[in-house]
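# Per-entry structural report
The residues making up each chain are set out below.
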Amino acid sequence: LCGIHPDARLDDPQLDWLWTEISDEKSTLTLDLGAIGARSYQTTATRKIAETWDQLHLVIAHLAQPRPAVDSSNMARQAWYEQLDLSKLPNVWFDTAALPAYVAPEPYPFPTAGRYLKMAIDHMGPQKMLFGTDTPGLLMHANYPQLLQSFQEHIGFLSLEDQRQILSQNVKKAYRMSDQMLAPAEP
């Protein structure tokens, strides 16, 4: 959106109809808010939407895109944590799709992605995190079994129940899915 409309704001009142419509349908909106520091990284606007339309479920893609700047810049790390704080709202979740693509080039099992996962879990807990891969795009980095296995290794420090939450239970809540719609992944 911001690539086409550089001044676009998610909290522009002209978009209220959209959030109302999605909320009334009891649907889930997945937002890719872009890189930390980009004009699309609209944490405050996203918070306003989530608080105003509390029946609207929001999933923020790519774990809010932690990049190497999170390690080298206090400002970037603070902006990332501020966006992760949206998980404290009852209707906001974060997916982990494409996480290996946002770290410095490194081979499977993507240790930096694992470190960012741990940082995020330590900050917000496992209750608002959804496993995701962003395939087929991420298949340039690893195949699906490798992506799942590396993720399971990275969250191996959690209890089996917390792992199940991230791998299947949270997605059912965020996307309002029944058990029949999703076969649970086992840790």
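Our structure is the block above this text.
The sections below set out a description of the structure shown in this document. (Residues numbered from 1 in each chain as written. Predicted model: local features only at pLDDT ≥ 70, side-chain atom pairs only at ≥ 80, totals over all residues. Heavy atoms only, no water.)

### A look at the packing of helix α4 (residues 74-84) against helix α5 (residues 111-124)
- Contact geometry of α4 with α5 gives a least axis separation of 10 Å together with a crossing angle of 55°. Comparing their axes, α5 and α4 come out oblique. The way α4 lies across α5 gives a crossing that is right-handed. Of the residues in α5, those in contact with Trp 80, Tyr 81 and Leu 84 of α4 are Tyr 116, Met 119, Ala 120, His 123 and Met 124.
- Its residues assigned to classes, the contact of α4 with α5 shows seven nonpolar, one polar and no charged. (Axes fitted to C-alpha atoms, helices over the stretch in contact; angles between N-to-C directions. Helix = DSSP H or I, 4+ residues; strand = E, 2+ residues; numbered from the N terminus. Parallel < 35°, antiparallel > 145°, perpendicular 65-115°, else oblique. Left-handed = near helix turned anticlockwise from the far one by under 90°. Contact = heavy atoms within 4.5 Å. Nonpolar A, V, L, I, M, F, W, Y, C, P; charged D, E, K, R; others polar.)

### A look at the sheet that holds strand β3 (residues 92-95)
- Overall, parallel pairing links the four strands, which are arranged β1-β2-β3-β4 in an open sheet. Two strands lie at the open edges of the sheet, namely β1 (28-31) and β4 (129-130), each paired on one side alone.
- Bridging between strand β2 (residues 57-60) and β3 involves three bridges; their strand directions are parallel. In the strand pairing of β3, Val 59 is matched with Trp 93. (Pairing = 2+ DSSP bridges.)

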